[in-house]
Amino acid sequence: MTPIEAYIANTPQAYQSQLIALQQTIATVLPEAQEQLKYQMPTFYWHENVIHFALFKHHFGLYPTPSAIEAFHDQLVTYKTSKGAIQFPLDQPLPLELITAITEFRRHEIIVKYDL
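Because the structure is a prediction, the values reported are computed rather than measured.

A. Broad picture of the UniProt feature "domain: YdhG-like" (unreviewed entry) in the protein chain. As recorded in UniProt, the sites labelled "domain: YdhG-like" (unreviewed entry) are residues 16–104. This span, residues 16–104, is 33% helix and 31% strand, and a straight line between its end C-alpha atoms measures 23 Å.

Here it is, written out as structure tokens:
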């Protein structure tokens, strides 16, 4: 069991399928990443922390770095955001296509930064 699988197993069952979908969506884009827990959150690490996510009382949090928030600003207007975080309400379906695009953006940033 990976650290992220253990995290998901310890969350309320009502949200586990969404968290699994989130994990699988990110893992599909980042197959080379290590699944870890950082800051007590599921983290995909590939040369650096690429993206984090977590379950909170009223939302799923996605932490893709400020550059990704800026790059996808227009697609994020319906969600609460901050400098490095996006909040997806628990009572709405996760926007997995948008999460895929954000993860692809972060993957490309790592490729450019580390000349991979």
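B. Seen up close, the nonpolar core. Counting 33 residues, the largest nonpolar core has I26 and L62 as the members making the most contacts within it. Listing elements by their share of this core, those giving two or more residues are α1 (3–9), α2 (13–29), β2 (41–45), β3 (49–55), β4 (59–63), α3 (66–71), β6 (86–89) and α4 (96–113). Broken down by element, this core gets its largest block of residues, five residues, from β3.

C. Local environment of the sheet that holds β4. Taken in spatial order, the six strands of this open sheet run β1-β2-β3-β4-β6-β5, and their pairing is antiparallel. Sheet topology places β1 (34–38) and β5 (80–81) at the edges, where each strand pairs with a single neighbour. Judged from the four bridges that link them, β3 and β4 form a sheet pairing that is antiparallel. What sits directly across from H52, in β4, is Y63. Sitting on the sheet, α2 is in contact with β1, β2, β3 and β4, with an inclination near 170 degrees to β3.

Rules used in this analysis
Residues numbered from 1 in each chain as written. Predicted model: local features only at pLDDT ≥ 70, side-chain atom pairs only at ≥ 80, totals over all residues. Heavy atoms only, no water. UniProt positions renumbered as here; feature names shortened; annotations may be inferred. Helix = DSSP H or I, 4+ residues; strand = E, 2+ residues; numbered from the N terminus. Core = buried A, V, L, I, M, F, W, Y, C linked by side-chain atoms within 4.5 Å. Buried < 20%, exposed > 50% of the residue type's maximum accessible area, 1.4 Å probe, protein only. Pairing = 2+ DSSP bridges. Contact = heavy atoms within 4.5 Å. Axes fitted to C-alpha atoms, helices over the stretch in contact; angles between N-to-C directions.

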